[in-house]
Amino acid sequence: MRIGFIGLGNMGRHMARHLIHAGHLVTVHDSRPEAAVEHLGLGARWADSPAECADGAEFLITMLPDPRVVEEVLLRGGAAGALPEGALWIDMSTSTPAAAARIAAEALDARRIRRLDAPVSGMARGAEAGTLQIFVGGADDDFRIALPVFEALGDPDRVLHVGPTGAGYTVKLMINLLWFSHLTATSEVLAIGVKAGVDLGVLRNSLLASPAASHFLEHDIMCVLADGDYDDSFAMALACKDLGLAVDLGRDVGVSTELSALVEQIYRRSKAQHGASAGEMSPVRLYEALAGREFRLPSPAAALDATTLTV
C-alpha cells in the first residue's frame, strides 16, 4: 500500500514506523525534517511538502496538533489537491467534524476522495507499542479497506468503527473531556480528604472499594502517586486545546457545558502556572498546593520497612 504520512511528533513518529515495518511503501513529511531520520533509515521516502507527500498516495494519514494545522496542511499546503482521485484521507488527529467538512467541501468531494476520521487513545506509550485504541468515523466500506492499516497501528481488538464521518472526532473529544474531568474531580477529592486528616493511601483504597471507583483512580493517577510523573508526553497546551474543542462542540450542538467549562478553566490556570509544555496531569499540582503536600504513596519497599520497624 502506498501511504503518505504527515506529522512525526510524539505519536506520529511511532505510528509511521509501524507502517514501514508492516511492509507499506511510506512517504513521510513533517515541518521538522530531522524528525524523519529514523524513518528514512528504515526505507521511507521523504517529501519536501504536504503536496508531495500526498501525490500518488492510496492513503494519506495525517497526525497533527489541532484543526488549524490540519486545514493548513490539507488546503494551503496542497495535500488535498495533490491526492489522486479515489484516494482515502485518514485524519488521526484530534480535530473536529467542522474542520474536516470544510476541507472536504473545498478540495475533496468533487474529486471523489474519500475520508475517515480516526483519532486515537493510548498516549505515546501506546503509539510506540502499537497498542493504540482507534475510533473511526466514516463509511463502512472505507473502514474495511483501511482496517489492515489500523491494525498495524493499534490493538486489533480496540479498533472501533463508531459511526459516520465525524463520529470518530466526537468520540475522541468526549473521551478526553471525561478523562480531564476525572483528573480534576479526583484531585479535588484527594485534597479535601488529605487536608481533613485521612491518610492518602487509606483514602484511595476506600474510594476504590466504593461505587466511586474509577479506572483513573486505580491506574492513571498512579504515575503521580508513585513516581511524581505528571506525564510530559502530552503537553498542557494540547490538553487545553482538546478541552476547548470539546466545550465548543457542546455549545455547537446545544448542550450546556457548565461543568466542562469549569474543567477547562482549571486546566488553563494550570497551564498559566506550570507552563504550556508541562505534563497533562499538572492540574493535580494545583490541588497538592491546596492540600499543602504532594500526593505520594510510599514505595512498597518503604512501606515494608515501616512495617518492620513497628513490629
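Look up: the structure comes first, before these words.
Student: Report on the nonpolar core, specifying residues and quantitative values.
Tutor: By size, the foremost hydrophobic cluster in this structure holds 35 residues, and its most contacted members are Tyr267, Met281 and Phe295. Elements supplying a minimum of two residues to this core: helix H9 (167-195), helix H10 (200-208), helix H11 (215-220), helix H12 (222-227), helix H13 (236-252), helix H14 (258-274) and helix H15 (283-291). Of all the elements, H9 adds the most residues to this core, at 8 residues. Beyond its immediate sequence surroundings of up to four residues, Phe295 is in contact with Ser187, Leu190, Ala191, Leu200, Val224, Leu225, Val284, Tyr287 and Glu288.

Student: Describe the pattern of salt bridges, naming the residues involved and giving the relevant values.
Tutor: Overall, the coordinates contain 15 salt bridges when judged by the stated rule. Note that Arg45 and Glu52 form a salt bridge whose closest N and O atoms lie 3.2 Å from each other. The partly exposed category is assigned to Glu52, whose relative accessible area is 27%. With a shortest N-O distance of 2.8 Å, Glu72 and Arg76 are connected by a salt bridge.

Student: I'd like a rundown of the pairing of strand S5 (residues 88-91), residues and numbers included.
Tutor: Residues of S5 alternate between two faces, with Leu88 and Ile90 on one and Trp89 and Asp91 on the opposite face, all of them buried. Strand direction decides the pairing type here: strand S4 (residues 59-62) and S5, joined by 4 bridges, are parallel. Looking at the pairing, Phe59 lines up with Leu88 of S5. Pairing geometry for S5 and strand S6 (residues 114-117), over 4 bridges, is parallel. Looking across to S6, one finds that Trp89 is bridged to Arg115. Chirality of the crossover, the property in question, places the unit of S5, helix H6 (residues 97-108) and S6 among those that are right-handed.

Student: Summarise the layout of surface pockets; cite the residues concerned and give the values.
Tutor: Looking at the second largest pocket, its volume works out to about 160 Å³. Considering the residues around the second largest pocket, the lining is formed by Ser181, His182, Ala185, Thr186, Val189, Leu207, Ala212, Ser214 and Leu217. The greatest single-element share of the lining of the second largest pocket, amounting to 5 residues, is contributed by H9. Of the residues belonging to the lining of the second largest pocket, the class tally is 5 nonpolar, 4 polar and no charged.

Student: Residue-level account of unusual backbone geometry, with values.
Tutor: Backbone geometry at Arg112 places phi at a positive 55 degrees, although glycine is not the residue there. With respect to the helices and strands, the residue Arg112 is situated in the loop between H6 and S6. Look at Asp231: it is not a glycine, yet its phi comes out positive at around 65 degrees. Turning to its location among the elements, Asp231 is positioned in the loop between H12 and H13. Residue Asp231 is classed as buried on the basis of its relative accessible area of 6%.

Student: An account of the pairing of S4 is requested, with residue identities and associated values reported.
Tutor: Burial along S4 is two-sided: the face carrying Phe59 and Ile61 and the face carrying Leu60 and Thr62 are both buried. Bridge analysis of strand S1 (residues 2-6) against S4 gives 4 bridges, and the strand direction is parallel. Residue pairing across strands places Gly4 opposite Leu60, the latter belonging to S4.

Student: Would you mind going over the side chain of Asp231 in detail, with residue names and values included?
Tutor: Lacking a salt bridge, the buried Asp231 has Arg125 as its closest oppositely charged neighbour, with an N-O distance of 4.4 Å. Within the structure, Asp231 has its side chain in polar contact with the side chain of Ser233 (distance 2.6 Å). Setting aside residues up to four positions removed in sequence, Asp231 forms contacts with Met123, Arg125, Gly279, Glu280 and Met281.

Student: Any chance you could break down the side chain of Thr184 for me, citing the residues and the numbers?
Tutor: If you trace the backbone, Thr184 turns up in helix H9. For Thr184, a relative accessible area of 6% translates into the label buried. Every residue in contact with Thr184, bar those within four places of it in the chain, is listed here: Val263, Ile266, Tyr267 and Tyr287.

Student: Please give an account of the environment of Asn10 that cites residues and values.
Tutor: Within the fold, Asn10 resides in the loop between S1 and helix H1 (12-21). Along the backbone, Asn10 and Ala127 are 117 residues apart, and their C-alpha atoms lie at a distance of 8.4 Å. Leave out the neighbours within four places in its chain, and Asn10 touches Ala124 and Ser233. A distance of 3.2 Å separates a polar atom in the side chain of Asn10 from the backbone oxygen of Ser233.

Student: Kindly report on the packing of H13 against H14, identifying the contributing residues and their values.
Tutor: It is at 9 Å that the axes of H13 and H14 come closest, and there the two elements cross at 160 degrees. With respect to their mutual orientation, H13 and H14 come out roughly antiparallel. Considering only the axes of H13 and H14, their crossing is left-handed. On H14, the residues that touch Met236, Ala237, Ala239, Cys240, Leu243, Gly244, Val247 and Arg251 of H13 are Ser260, Ala261, Val263, Glu264, Tyr267, Arg268, Ser270 and Lys271. Taken together, the residues of the contact of H13 with H14 break down into 9 nonpolar, 3 polar and 4 charged.

Here is what the cut-offs are and how they apply
Residues numbered from 1 in each chain as written. Predicted model: local features only at pLDDT ≥ 70, side-chain atom pairs only at ≥ 80, totals over all residues. Heavy atoms only, no water. Core = buried A, V, L, I, M, F, W, Y, C linked by side-chain atoms within 4.5 Å. Buried < 20%, exposed > 50% of the residue type's maximum accessible area, 1.4 Å probe, protein only. Helix = DSSP H or I, 4+ residues; strand = E, 2+ residues; numbered from the N terminus. Contact = heavy atoms within 4.5 Å. Salt bridge = Lys/Arg side-chain N within 4 Å of Asp/Glu carboxyl O. Pairing = 2+ DSSP bridges. Right-handed = clockwise from strand over helix to strand, strands pointing away. 1 Å grid on protein atoms, 1.4 Å probe; cavity = no way out; pocket = protein on both sides within 12 Å on 5 of 7 lines; lining within 4 Å. Points joined across faces, edges and corners; volume = space filled by probe spheres on them. Nonpolar A, V, L, I, M, F, W, Y, C, P; charged D, E, K, R; others polar. Lys, Arg positive; Asp, Glu negative; His and termini not counted. Polar contact = N/O pair within 3.5 Å; in protein donor to acceptor, adjacent residues only side chain to side chain. Axes fitted to C-alpha atoms, helices over the stretch in contact; angles between N-to-C directions. Parallel < 35°, antiparallel > 145°, perpendicular 65-115°, else oblique. Left-handed = near helix turned anticlockwise from the far one by under 90°.

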